[in-house]
There are 2 protein chains.
Amino acid sequence: MATMKDIAEAAGISIGTVDRIIHNRGRYSEETAELVRKAMKELNYTPNIHARGLKQTKKHIFSVVLPKREQDGGYWRLVEEGILKAANELASFGNDIRIFPFDRYSSASCINALYMALSSDTEGMLIAACRPDDMRAPLEDTDLPYIFIDTNIPDLKQRTAYIGQDSRQSGILAGKLMSLLISGRASAGQDQYVLVVDPPGSNFHLYNRIEGFRYYMDAVMPEIRLITLKAEVDNESHFHSRLKEFHIKNQALPIGIFAANSSVYYIASFLEKEGDEYRSVPLVGYDIIPGRESAIEKGTIDFILTQQPEVQGYRGIIMLYDHIVLRKEVSKEVIMPLNIITRENIHTFTGYMNG
Amino acid sequence: MATMKDIAEAAGISIGTVDRIIHNRGRYSEETAELVRKAMKELNYTPNIHARGLKQTKKHIFSVVLPKREQDGGYWRLVEEGILKAANELASFGNDIRIFPFDRYSSASCINALYMALSSDTEGMLIAACRPDDMRAPLEDTDLPYIFIDTNIPDLKQRTAYIGQDSRQSGILAGKLMSLLISGRASAGQDQYVLVVDPPGSNFHLYNRIEGFRYYMDAVMPEIRLITLKAEVDNESHFHSRLKEFHIKNQALPIGIFAANSSVYYIASFLEKEGDEYRSVPLVGYDIIPGRESAIEKGTIDFILTQQPEVQGYRGIIMLYDHIVLRKEVSKEVIMPLNIITRENIHTFTGYMNG
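Residues numbered from 1 in each chain as written. Chains lettered and ligands numbered in written order. Predicted model: local features only at pLDDT ≥ 70, side-chain atom pairs only at ≥ 80, totals over all residues. Heavy atoms only, no water.

### Here's the deal with the overall build of chain A
Move 1: The helix and strand tally for chain A stands at 14 helices and twelve strands.
Move 2: Dimensions of chain A, computed from the C-alpha atoms along their principal axes, are close to 80 × 45 × 35 Å.
Move 3: Within the span of chain A, comprising 355 residues, buried residues form 60% of the whole.
Move 4: Nonlocal contacts in chain A, meaning residues at least 24 apart in sequence, comprise 69% of its contacts between residues at least 6 apart.
Move 5: Split by element, the accessible area of chain A, about 14500 Å² in all, is 49% carbon and sulfur. (Helix = DSSP H or I, 4+ residues; strand = E, 2+ residues; numbered from the N terminus. Buried < 20%, exposed > 50% of the residue type's maximum accessible area, 1.4 Å probe, protein only. Contact = heavy atoms within 4.5 Å. Areas by Shrake-Rupley, 256 points an atom, 1.4 Å probe, with all protein chains shown as cover.)

Given below as structure tokens:
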């Protein structure tokens, strides 16, 4: 644990001067400040928020390109909350974060938001690459640094970092939980199936989750068929009618249902409406959505995997700031803890923000 | 989101003055600082680390009473790491955190550490109440505020807060995971049992975890017997010989093993030594211990529940500081997220510190 005294000794100056420089008050020369920064780095002086205010004279502007907050069942609102929390902290040093929202199901809206962000007076961007095909070309053209959040495009050259989840691994984990849930129900010789709900939109995330889930299930329970149901519209009643249609066609209930995103709540409300036999079908999906926790508390949803969207938003902005303003080394890839939520631990997650 | 401008308007002073006060530079009067603090409180201005340095002139000393870092398989080392991280951040404002370690299995050592802490020049304490019977009397006598960490004594009057886990609920969650793990193995009419390993020492924590586990198992799988094995010494080879003895007496292997703390790693090494049939017995326990993750990665341990000891230590100190120095309202009870760790998500937790 380096102290100010250690830094003063290493830099060969007085503690008073180190204190002035670290707290950015009184007079000091840029040369001395450079010595202090060097000593801080060498001694691995705890980088706390003070460092973020160190001798910052210029106002910095960052842009965020993100789906509209109400999309994906309110998921993006949570990401935005974390972003606003970081923006608020950085605002006291005169930084400005501008959000450019887009409709995640519209190519035109996505391209427009990205161009607006790129042509604004910005030094760097935080981008949710939910529409990689639309985003690739404009991002190949820019010299601005950017960090991907939630969804990654790994091969772009200006990409500074990615913060998100290991989505294939989360699908594998979902497969493991599903296999445990149905292991008491699977009976030899019977034609049983698990329903895999493929939500609207397409991105690496959804693809990888489903791929990981299939991989695990095929390896561990090869006798169980996996039937995919594709939904076209991000809307609760659309999901309900798709499920109803499917059930009329396939008389037998699935022995388990996996939803590759927060549309799991639409499936839960369908199962609850249809009665006890439906409600008891094991259900695994993604994300805690405020206001919809009751589906987990009642046990309609058996397991939820979550990638802590607020923390992702918060850390994404801090990484951008550290990279651009403080020129600190940032990790190329930050993988969020993959939390398993169920009836018995959800109360310890809601109301506790890991910021 | 309140900004400095909002605070300036609410306090009826210039932004420059607010800035000087918040960043504690230049001159200002205590009266004006009081106005700013009041406005910050009313506007719910984001409390970040700046607030912690606000006009602090006195040096503050806090004491920590904690088991020795090597006990409980290295668990307390993690708590201490979080405490040191917070101590390091607060050190730049001239605060001092002193740790008084005790032997968790010795009454004399515990009482001595607590008296040393109480009679030191301290303003408040962070205490792991692992030996409630020894700690109660001295704590009833003191006027110092204290926060319990990890283990609680709810009825003490000077108690400011508790940070820890809902231990009975974690036992219930362990029961749920166990019931899923063995649901494919439980066969009607057979005399099957789950082994419950009761670690040495006694505290509310261990008691509640085991009680919660029993409660869930009795409700959901009443046909499965629960057999308790009490271990007397916190030592790997002691556990191995206790398990060996037990197995000689009870020929049949258990269909599952639950360990109420990090001694689950001692059980894992026993199962690995004894061969494949043993290794495949479902095993559920507590805590990620650095250097021993391989038991989870190999799947010998099926599920680990963790209470994030580093984050507890870090937040415990910050709460103490907020309460005593900043006189901020702190929550009476902070329950940590109860994380479920398994082979498929452990890599997202190690190396990611939620501080």
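### A short note on the pattern of salt bridges
Pairs can form between side chains of opposite charge once their charged atoms are near each other.
Move 1: Scanning the entire structure with this criterion turns up 28 salt bridges over all chains.
Move 2: Where aspartate 155 of chain A meets arginine 136 of chain A, a salt bridge forms, and the shortest distance between an N and an O atom there is 3.0 Å. Placement of the pair is aspartate 155 of chain A in the loop between β4 (146-149) and β5 (159-164) and arginine 136 of chain A in helix α7 (residues 132-141), with a sequence separation of 19 residues.
Move 3: When its relative accessible area of 26% is taken as the criterion, arginine 136 of chain A is described as partly exposed.
Move 4: Notably, a salt bridge pairs arginine 69 of chain B with glutamate 80 of chain B, separated by 2.9 Å at the nearest N-O pair. Note that arginine 69 of chain B is positioned in the loop between β1 (61-67) and α5 (71-91) and glutamate 80 of chain B in helix α5, a separation of eleven residues in sequence. (Salt bridge = Lys/Arg side-chain N within 4 Å of Asp/Glu carboxyl O.)

### Let's talk about the confidence of the model for chain A
Detailed reading of the predicted coordinates is not advisable wherever pLDDT is low.
Move 1: Per-residue confidence for chain A averages 86 on the pLDDT scale, and 91% of its residues sit at or above 70.
Move 2: The lowest-confidence element of chain A is helix α4 (residues 49-53) of chain A, averaging 44 in pLDDT; the highest-confidence one is strand β8 (residues 256-259) of chain A, averaging 98. (pLDDT = per-residue confidence, 0-100.)

### So, the environment of asparagine 112 of chain B
Residue and element names in this part refer to chain B.
Move 1: Within the secondary structure layout, asparagine 112 lies in helix α6 (residues 107-119).
Move 2: Accessibility expressed as a relative area gives 47% for asparagine 112, which makes it partly exposed.
Move 3: Taking C-alpha positions, asparagine 112 is 23 Å from histidine 60, a pair spaced 52 residues apart along the chain.

### What to know about the pairing of strand β6 (residues 193-198) of chain A
All names here are of chain A.
Move 1: When you tally the buried positions in β6, you get six out of six residues, the bulk of the element.
Move 2: Neither face of β6 is open: one carries Tyr193, Leu195 and Val197, the other Val194, Val196 and Asp198, and all of them are buried.
Move 3: Judged from the six bridges that link them, β6 and strand β7 (residues 225-230) form a sheet pairing that is parallel. What sits directly across from leucine 195, in β7, is isoleucine 227.
Move 4: Pairing geometry for β6 and β8, over four bridges, is parallel. The partner of valine 197 across the bridge, within β8, is alanine 259. (Pairing = 2+ DSSP bridges.)

### Some remarks on unusual backbone geometry
Residues and elements named next belong to chain A.
Move 1: The residue aspartate 287 is not glycine, and still its phi comes out positive at about 75°.
Move 2: Counting through the fold element by element, aspartate 287 comes out in the loop between β9 (283-286) and α13 (294-297).
Move 3: You can call aspartate 287 buried: its relative accessible area is 4%.
Move 4: Residue glutamine 308 is not a glycine yet carries a positive backbone phi of 50°.

### Here's the deal with the side chain of serine 170 of chain B
Move 1: With respect to the helices, strands and loops of the structure, serine 170 of chain B is situated in helix α8 (residues 167-182).
Move 2: Here the side chain of serine 170 of chain B touches tyrosine 286 of chain B through a polar contact of 2.8 Å, side chain to side chain. (Polar contact = N/O pair within 3.5 Å; in protein donor to acceptor, adjacent residues only side chain to side chain.)

### Remarks on the sheet that holds strand β8 (residues 256-259) of chain B
Residue and element names in this part refer to chain B.
Move 1: Overall, mixed pairing links the six strands, which are arranged β7-β6-β8-β9-β10-β12 in an open sheet. Unpaired on one side and paired on the other, β7 (225-230) and β12 (339-341) mark the two borders of the sheet. Across the sheet, the axes of successive neighbouring strands diverge by a mean angle of 20°, strand direction being ignored.
Move 2: The sheet contacts of helix α10 (residues 236-249) involve β6 (193-198) and β7, and relative to β7 the element is tilted by about 135°. (Axes fitted to C-alpha atoms, helices over the stretch in contact; angles between N-to-C directions.)

### Things to note about the side chain of histidine 240 of chain A
Residues and elements named next belong to chain A.
Move 1: Structurally, histidine 240 can be placed in helix α10 (residues 236-249).
Move 2: Among the polar contacts listed, one links the side chain of histidine 240 to the side chain of lysine 273, at a separation of 3.2 Å.
Move 3: Residues in contact with histidine 240, not counting those within four places in the same chain, are Tyr266, Ser269, Phe270 and Lys273.

### Observations regarding the sheet that holds β5 of chain A
Residue and element names in this part refer to chain A.
Move 1: What the six strands build is an open sheet, ordered β2-β1-β3-β4-β5-β11; its pairing is parallel. Here the strands that pair on one side only, and so sit at the sheet edges, are β2 (96-102) and β11 (333-335). The mean angle between the axes of side-by-side strands here comes to 15°, regardless of whether they run parallel or antiparallel.
Move 2: Note: β5 against β11, three bridges, orientation parallel. By the bridge assignment, glycine 164 is partnered in β11 with isoleucine 335.
Move 3: Sitting on the sheet, helix α6 (residues 107-119) is in contact with β1 (61-67), β2 and β3 (124-127), with an inclination near 160° to β2.
Move 4: Strands β1, β2, β3 and β4 of the sheet are contacted by α7, whose axis makes an angle of about 165° with β3.

### Some details on the packing of aromatic side chains
Each aromatic ring pair is characterised by the separation of its centres together with the angle its planes make.
Move 1: Under the counting rule described, the total for this entry stands at 16 aromatic pairs over all chains.
Move 2: For the pair tyrosine 146 of chain B and phenylalanine 148 of chain B, a centre-to-centre distance of 5.4 Å together with 55° between the ring planes defines the contact as tilted. As far as burial versus exposure is concerned, tyrosine 146 of chain B and phenylalanine 148 of chain B are alike and both buried.
Move 3: Between phenylalanine 213 of chain B and phenylalanine 258 of chain B the ring centres are 4.1 Å apart and the planes differ by 10°, which places this aromatic pair in the stacked class. Pair noted here: phenylalanine 213 of chain B is in helix α9 (residues 204-220) and phenylalanine 258 of chain B is in strand β8, with a separation of 45 residues, a long-range link.
Move 4: By relative accessible area, which is 0% here, phenylalanine 213 of chain B ends up buried.
Move 5: Phenylalanine 258 of chain B sits in the buried class, given a relative accessible area of 0%.
Move 6: In textbook terms, an aromatic cluster arises when at least three aromatic residues are bridged by ring pairs, as seen for Phe213, Phe258 and Tyr286 of chain A. (Phe/Tyr/Trp six-rings, centres within 6.5 Å; stacked < 30°, edge-to-face > 60°.)

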